Amino acid sequence: MLVLALRSVRQRPGRFLATLLSAFLGAAIVMAFNSMHDTAGAPGVDPVSSETLRTAAGVVGGYGTLLVFFAVASALTVNVRQRAAELELLRCSGATPGQLKRMVVGEAVAVALVGTAAAVLPGVLGGRLLVELFQDTGQVAGSVDHSFGAVALSSGVGVTLVASAGAALLAVRRVTRGRRRTVRRRPVFAWAALAAGAVAASSTFAFSATDEMLMAFPAQGAILLSVGFALMAPRLLTGVLGRLALGGASGWLAVRNLRRRAGELSGILMALILFTAVSTATLTMQAVESDEVAASGTVKSVDAKNLETLNYTVVGIIVVFVCVMLVNSLYAATTYRGREFGQQRLAGATPGQVLGVVGVEGLVLTVVGLLFGTAAALAGIVPFTVVRSDAVLPGQLVGVWVAVAAVGAAATVGTSLFTARRVLRTPAVRAVGATA
């Protein structure tokens, strides 16, 4: 099966492009930030610079590890789901579930190795830029030179390979065993995350306005609440669609398609919810903190500067990864609908009407993701703002939310329409005659 896996990757590399891109970006980010450990451990680095570098590596490196797993898992899940017929044919030919798992995991590991190898140079350059950024803000001494060593390389290779193998194993289990167990367990984890998020957000009121840990608990609350909503993505989408009435043929078809594909689209909706909640909460709370410090006339401490840099860096990483996840998932999912689009055109629909349906679908997904992501973000923003500034809703919220919504809508609706237009270039008869 390993030989078959390598042959599959060589013969059809296009189907693994999304996985390769996710592994490449993930490995580059993990290597760049974990090279801060190598830099901090180099001879002659002062204690303050060492602490700053290790904090950045620990915090952002942890987020990067999770994002690598989610990005690779999203790409592999779409890949395996679209190959369900191929995998079923192999089972009918005598392949066991264990052999299928080894084949899919072998494909994922082979692609991850290629992506990791290509990510070494970007990881080195990214780590060097990070050190220069910390030096420009006065958090790291100018005499510190960037080092890229064993920690960065081993963490990048290890995290990417483990994430790829684990994501591939989970994806193929869903196809070979079905999703019954996942569906049963998901609400338990979702409610646990929601409860933990509510507790963390409400704990904000136990701190004073000048406490250094004030931002930590509302941020954790927003993240946990967004994870809870994300785990409930299929149910949330189904519930919203049950109350949604869109007029016209495009609206009716869009709602029908979304209901039928709610499970498949859950990964896209999860990414939107997480992106909206984490970005909105982090950027808004950081803006409130910066304005309050400026109003008081005090100078930011080194720890405060570290936190601000980390917040913006984390949001930047999340934006990049979520955009990659959305583009990969939507591109693969929309490309796979060529036969469906061809059938609609043969039934009398014009290309413009098909694009209209796709656009409405993307818009509905965007609205639902923004709705629940904003709810999770507000659960952290409101307690923080009340304690820090005696207001309820900060004035900075509107500008941040508009920017976040614009990025989410552009990634979702824009990718869907762009991919659909490319798919529609194929003649309808040829698209219907192709293998589904």
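Definitions and cut-offs
- Residues numbered from 1 in each chain as written.
- Predicted model: local features only at pLDDT ≥ 70, side-chain atom pairs only at ≥ 80, totals over all residues.
- Heavy atoms only, no water.
- Patch = residues over 30% accessible without salt bridge, like charges linked within 9 Å, V, L, I, M, F, W, Y side chains within 5 Å.
- Areas by Shrake-Rupley, 256 points an atom, 1.4 Å probe, with all protein chains shown as cover.
- Salt bridge = Lys/Arg side-chain N within 4 Å of Asp/Glu carboxyl O.
- Helix = DSSP H or I, 4+ residues; strand = E, 2+ residues; numbered from the N terminus.
- Buried < 20%, exposed > 50% of the residue type's maximum accessible area, 1.4 Å probe, protein only.
- Core = buried A, V, L, I, M, F, W, Y, C linked by side-chain atoms within 4.5 Å.
- Contact = heavy atoms within 4.5 Å.
- pLDDT = per-residue confidence, 0-100.
- 1 Å grid on protein atoms, 1.4 Å probe; cavity = no way out; pocket = protein on both sides within 12 Å on 5 of 7 lines; lining within 4 Å.
- Points joined across faces, edges and corners; volume = space filled by probe spheres on them.
- Nonpolar A, V, L, I, M, F, W, Y, C, P; charged D, E, K, R; others polar.
- Phe/Tyr/Trp six-rings, centres within 6.5 Å; stacked < 30°, edge-to-face > 60°.
- Lys, Arg positive; Asp, Glu negative; His and termini not counted.
- Charge placed at Lys NZ, Arg CZ, Asp CG, Glu CD.
- Polar contact = N/O pair within 3.5 Å; in protein donor to acceptor, adjacent residues only side chain to side chain.
- Axes fitted to C-alpha atoms, helices over the stretch in contact; angles between N-to-C directions.
- Parallel < 35°, antiparallel > 145°, perpendicular 65-115°, else oblique.
- Left-handed = near helix turned anticlockwise from the far one by under 90°.

### Focus: a nonpolar patch on the surface
Taken together, the side chains of V398, W401 and V402 present a nonpolar region at the surface, about 270 Å² in accessible area. Within the secondary structure layout, V402 lies in helix α15 (residues 396-423). You can call V402 partly exposed: its relative accessible area is 46%.

### Details of the nonpolar core
L237 and L326 are the most contacted members of the largest nonpolar core, which totals 75 residues. Those residues in contact with L326 that sit more than four places away from it in its chain are I268, A271, L272, Y331, A411 and T412. Residues L214, M215, V387 and L397 belong to the second largest nonpolar core, which totals eleven residues.

### A look at unusual backbone geometry
Only a minority of non-glycine residues have a phi that is not negative, and only a minority of peptide bonds are not trans. A positive phi angle is found at D390, which is not glycine, with a value near 70 degrees. Along the chain, D390 falls in the loop between α14 (351-389) and α15. Residue class for D390 comes out exposed when judged on its relative accessible area of 72%.

### Quick notes on the pattern of salt bridges
Taken as a whole and judged by the stated rule, the model has three salt bridges. With a closest N to O distance of 2.8 Å, R388 and E289 form a salt bridge. Of this pair, R388 sits in helix α14 while E289 sits in helix α11 (residues 262-296), placing them 99 residues apart in sequence. As a salt-bridge pair, E361 and R337 come within 2.8 Å of each other at their nearest N and O atoms. In this pair, E361 sits in helix α14 while R337 sits in the loop between α12 (302-335) and α13 (338-346), placing the two residues 24 residues apart along the sequence. The same class applies to E361 as to R337, namely buried. Three or more residues joined by partner-sharing salt bridges are found here, namely R337, E340 and E361.

### Comments concerning the side chain of Q344
Among the structural elements, Q344 can be located in helix α13. Once you skip the residues sitting within four places of it in the chain, Q344 turns out to touch N257, A349 and V354.

### Thoughts on the confidence of the model for the protein chain
Residue-level pLDDT values for the protein chain average 82, and 89% of them are 70 or greater. Confidence scores differ between elements of the protein chain, with helix α1 (residues 2-11) showing the lowest mean pLDDT of 52 and α14 the highest of 92.

### Things to note about the environment of R422
Following the sequence through the fold, R422 ends up in helix α15. For the pair formed by R422 and T334, sequence separation is 88 residues and the distance between their alpha carbons is 9.7 Å.

### What about empty space enclosed by the protein?
All told, the structure shown has two cavities of 30 Å³ or more when counted by the stated rule. The space that makes up the largest cavity amounts to roughly 90 Å³. For the largest cavity, the lining is made up of 13 residues, of which L330, T334, R337, E361 and S416 are closest to its centre. Sort the elements by how many residues they give to the lining of the largest cavity and α14 lands first, with four residues. Split by residue class, the lining of the largest cavity holds six nonpolar, four polar and three charged.

### A word on the packing of aromatic side chains
Enumeration over the complete set of coordinates arrives at two aromatic pairs. Measuring from ring centre to ring centre gives 5.0 Å for F207 and F217, while their planes differ by 35 degrees; the resulting arrangement is tilted. With F207 in the loop between α7 (180-202) and α8 (216-231) and F217 in helix α8, this residue pair connects regions lying ten residues apart in the sequence. On the basis of relative accessibility, which here comes to 22%, the residue F207 falls in the partly exposed class.

### Structural notes on α13
G338, E340, F341, G342 and Q344 are the residues of α13 that are buried. G348 sits one or two positions beyond α13 and adopts a positive phi of about 120 degrees.

### Brief notes about a negative patch on the surface
The grouping of E51, D211, E212 and D303 at the surface amounts to a negative patch. Note on placement: E51 falls in helix α3 (residues 47-82).

### A closer look at the side chain of N34
With respect to the helices and strands, N34 occurs in helix α2 (residues 17-40). The buried category is assigned to N34, whose relative accessible area is 12%. A polar contact of 2.8 Å, which involves the side chain of N34, links it to the backbone oxygen of V30. Setting aside its immediate chain neighbours within four residues, N34 contacts A57, V151, A152 and S155.

### Concerning the environment of G106
Mapped onto the secondary structure, G106 falls in helix α5 (residues 97-136). Judged by its relative accessible area of 14%, G106 falls in the buried class.

### Concerning the packing of α14 against α15
Helix-helix packing is characterised by the crossing angle of the two axes and by the distance between the axes. With their axes 9 Å apart at the nearest point, α14 and α15 run at an angle of 155 degrees to one another. As judged from the angle between their axes, α14 and α15 are roughly antiparallel. In the crossing of α14 with α15, the sense of the turn from one axis to the other is right-handed. Facing L355, V358, G359, G362, L363, L365, T366, L370, T374, L378 and I381 of α14, the residues of α15 in contact are L397, W401, A405, G408, A409, T412, V413, S416, L417, A420 and R421. Partitioned by chemical class, the residues of the contact of α14 with α15 number 14 nonpolar, seven polar and one charged.

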